[in-house]
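Spelled out from the first residue to the last, the chains are:
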Amino acid sequence: MSEKQYMTIDGIPVEINGEKNILELCQKIGVKMPTFCYHSDLSIYGACRMCMVENKWGGIEAACSTPPRAGMEIKTNTERLRRYRKNILELLLANHCRDCTVCENNQKCKLQELAMRFNIEGVRFPNRAKSTKNDDTSSVCIVRDAGKCILCGDCVRVCNEIQNVGAIDFAHRGSKMVISTAFGKPLAESPCVGCGQCAAVCPTGAIVVKNNIDCVWEALDNPSVRTSVQIAPAVRVAIGKELKCQDGENVMGKIVAALRRMGFDEVYDTTLSADITVMEETAEFIERLENGGKLPLVTSCCPGWIQYAEKKHPEFLENISTCRSPMQMMGSLIKEQNKGAEKKMFHVAIMPCTAKKFEASRPEFMKDGQPDVDAVITTQELILMIKESGLVFDELEPEAVDMPFGAISGAGVIFGVTGGVTEAVLRRVSENKSRAGLLEAANAGQRGMEGIKEFYLPYGERQLHIAVVSGLGNAERVLLRASAGEHFDFIEIMACPGGCVNGGGQPYFSNAKEARSKGLYEVDRMQSIRRSQENPIVNSVYKKIIKDRAHELLHVHYTAKHED
Ligand code: SF4
Ligand code: SF4
Ligand code: SF4
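The following paragraphs examine the structure supplied in this document. (Residues numbered from 1 in each chain as written. Chains lettered and ligands numbered in written order. Predicted model: local features only at pLDDT ≥ 70, side-chain atom pairs only at ≥ 80, totals over all residues. Heavy atoms only, no water.)

Description of the sheet that holds strand 3 (residues 52–55)
In a beta sheet, neighbouring strands are held together by backbone hydrogen bonds and run either parallel or antiparallel to one another. On the basis of which strands lie adjacent, the open sheet formed by five strands has the order 2-1-5-3-4 and mixed pairing. Every interior strand has two partners, whereas the edge strands, strand 2 (12–16) and strand 4 (60–62), have only one. Each strand of the sheet is rotated relative to its neighbour by a mean of 40°, with strand direction disregarded. Bridging between strand 1 (residues 5–9) and strand 2 involves five bridges; their strand directions are antiparallel. Note on strand 2: the bridge partner recorded for Ile9 is Ile12. (Pairing = 2+ DSSP bridges. Helix = DSSP H or I, 4+ residues; strand = E, 2+ residues; numbered from the N terminus. Axes fitted to C-alpha atoms, helices over the stretch in contact; angles between N-to-C directions.)

Below is the structure:
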């Protein structure tokens, strides 16, 4: 048995147990090291120098890039380190446009937080940053503002290392260095897929979610339109922490109450159309399996993935299910139901996702020049609207969603987490209709936060090869294997690591995806109906609205969009 190894941090002996660096070891004893550029899922960059520690010989080293060694002795909070950190912060603030009170990231900004933590009361250097507010608004998903960039590189690494997109990178040198697309083109003309993962990691307001709140208020104030709203599964477990509830807690009833108080006429749950997606996608999968159709069938609910396929892998477009995403199915059904009504319907979708803003604007989802979904706002924007309304969210009495798009199954709810779509399909195809069947489906291999999960499932004489993937870099790895000839039958792809619980439009906290996915599985467990096919409203929507027009209302075909 190997002997335990220790190092000393601030006079406390700490056991080294596989930690990659001193920063992780500090967290173990409750010391939160200041950092702008450290993220455990990304490569070590070591650029911000905020996490410096002092060793017993008086040398200083970056805690994020120094592996712990037995016998090492370091201090995390000396007079010299405090001075050093203050200097860095003052230099960053001198190069930062200080529009704090009108910044989207006000009170969520890491630079602001650390300036307060280190008691910065003035900046000795002249402010060199020009206000460049909204200097790239070309994307419908995110907005870039170079004047607030502190060059930590987090966005570049997440876009390259996790998403394999590489839409942005460092450009120029020295004091001219900036984050840029290739040739400084607008983001909308770059390979960006709108996933918003760069906005999620950006410690300042230099990349933020594009805000569409104003057009929603305008519609709510307009007496000549009727307003309806749908709420995606992952929103209900992610909104709480910023509104005095818990991250992972299901606060759907309070969200519904808040939306009614804001003035929405109809409040619906996207989970119902996720149930319809399960019905359509399973039918398509079985049809392809039994009639020699194109395999693998690849899921279609994630618009970040759809854009990635269109731009980088058009050869897989025929593999993608023709089902519209649950958001677009619901938009299409709501507009269909409102046809001929006296008042025009303005339909809003509340999503965990920045890429859904792009999806709603696609020409494929317009009828007579009108979109099926008029505005998409993210969980972050909903929080702003609730705060702006002055509602005391944690004290709201929960309310139920409206019918007919209100009855849900547990299968639809778990769409918000990686593996959820696959599990919902397994519940649909499983012949075991007992509780044991649900347990069997839960243990097939699709649950958990790993980026690639694979398993085999018997189907008649065959063994189906199924892959569940989250993060576009992981998708790339699986697609390369499929291109090289490896056989897959079904692949679920979600662009964001962990799925929509960790979408670019969600409030960002470390370890949030675990708490939120646990929250969604708990919502599923509490439902009396847990299989999409057992949702009685699904059947009535087919009878009363969809009728024989499933192809027109629920399906879509995408075509290649080549990168420049
Ligand atoms: S939105 Fe996604 S694809 Fe676009 S730049 Fe950000 S991380 Fe890259
Ligand atoms: S845009 Fe944000 S994440 Fe990217 S380098 Fe600048 S501050 Fe860092
Ligand atoms: S995984 Fe979810 S949140 Fe992320 S891009 Fe896809 S649909 Fe949007």
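Moving on, there is more to tell.
Description of the environment of Cys198
Checked against the element boundaries, Cys198 lands in helix 5 (residues 197–201). Since its relative accessible area comes to 10%, Cys198 is described here as buried. For the pair formed by Cys198 and Arg236, sequence separation is 38 residues and the distance between their alpha carbons is 23 Å. Apart from residues lying up to four places away in sequence, Cys198 is in contact with Ile142, Cys155, Val158, Ile168 and Ile207. (Buried < 20%, exposed > 50% of the residue type's maximum accessible area, 1.4 Å probe, protein only. Contact = heavy atoms within 4.5 Å.)

Describing the site of ligand 3
Taken together, Cys302, Pro303, Cys353, Met494, Ala495, Cys496, Cys500 and Gly503 make up all the residues around ligand 3. For the shell around ligand 3, a count of residues per class yields seven nonpolar, one polar and no charged. (Near = heavy atom within 4 Å. Nonpolar A, V, L, I, M, F, W, Y, C, P; charged D, E, K, R; others polar.)

Some points on the pairing of strand 10 (residues 225–231)
The element strand 10 is extensively covered by neighbouring structure, given that six of its seven residues are classed as buried. Bridging between strand 10 and strand 13 (residues 344–351) involves seven bridges; their strand directions are parallel. When the sheet's bridge partners are listed, Thr227 is paired in strand 13 with Phe346. Sheet topology places strand 10 next to strand 11 (residues 266–269); four bridges connect them, and they run parallel. Bridge pairing in strand 11 places Ile231 opposite Asp269. Crossover handedness for the path strand 10 to helix 7 (residues 252–262) to strand 11: right-handed. (Right-handed = clockwise from strand over helix to strand, strands pointing away.)

Thoughts on the packing of aromatic side chains
In this structure the tally under the stated criterion is four aromatic pairs. With centroids separated by 5.0 Å and ring planes inclined at 90°, the aromatic side chains of Tyr268 and Phe405 adopt a geometry described as edge-to-face. On the criterion of sequence distance, the pair formed by Tyr268 in strand 11 and Phe405 in the loop between helix 12 (379–389) and helix 13 (410–413) is long-range, its members being 137 residues apart. The buried category is assigned to Phe405, whose relative accessible area is 0%. Aromatic side chains Phe365 and Tyr558 sit 6.5 Å apart centroid to centroid with 75° between the ring planes, which places their arrangement in the edge-to-face category. Taken as a pair, Phe365 in the loop between helix 11 (355–360) and strand 14 (366–367) and Tyr558 in the segment after helix 19 (550–554) lie far apart in primary sequence, 193 residues in all. Note on Tyr558: relative accessible area 12%, which makes it buried. Just above the ring of Phe509 sits the side chain of Lys241; from NZ or CZ to the centre is 4.3 Å. The ring of Tyr521 carries Arg447 above its face, with NZ or CZ at 3.9 Å from the centroid. (Phe/Tyr/Trp six-rings, centres within 6.5 Å; stacked < 30°, edge-to-face > 60°. Lys NZ or Arg CZ within 6 Å of the ring centre and 35° of its normal.)

With respect to a negative patch on the surface
Together, Asp214, Glu218, Asp221 and Glu388 line one region of the surface with negative charge. Of the residues forming the negative patch, the biggest block, three residues, is contributed by helix 6 (residues 213–221). Inspection of the secondary structure assignment puts Asp221 in helix 6. (Patch = residues over 30% accessible without salt bridge, like charges linked within 9 Å, V, L, I, M, F, W, Y side chains within 5 Å. Areas by Shrake-Rupley, 256 points an atom, 1.4 Å probe, with all protein chains shown as cover. Salt bridge = Lys/Arg side-chain N within 4 Å of Asp/Glu carboxyl O. Lys, Arg positive; Asp, Glu negative; His and termini not counted. Charge placed at Lys NZ, Arg CZ, Asp CG, Glu CD.)

Observations regarding the pattern of salt bridges
Proximity of charged atoms lets side chains of opposite charge pair with each other. One pass over the structure, following the stated rule, counts 37 salt bridges. Arg362 serves as the salt-bridge partner of Glu310, at 2.5 Å between the closest nitrogen and oxygen. Of the two residues, Glu310 sits in helix 9 (residues 303–312) while Arg362 sits in the loop between helix 11 and strand 14, which places them 52 residues apart along the sequence. We note that Glu310, like Arg362, is buried. With a closest N to O distance of 3.3 Å, Arg324 and Asp372 form a salt bridge. Here Asp372 lies in the loop between strand 15 (370–371) and strand 16 (375–378) and Arg324 lies in the loop between helix 9 and helix 10 (326–337), a separation of 48 residues in the sequence.

Some remarks on helix 7
Summarising burial for helix 7: nine of the 11 residues are buried, a large majority. When helix 7 is considered as a whole, its buried residues turn out to be Met252, Gly253, Lys254, Ile255, Val256, Ala257, Ala258, Leu259 and Met262. Residues of helix 7 that are buried sit in contact with helix 6, strand 10, strand 11, strand 13 and helix 12.

Coordinates in, geometry out; function isn't part of it.
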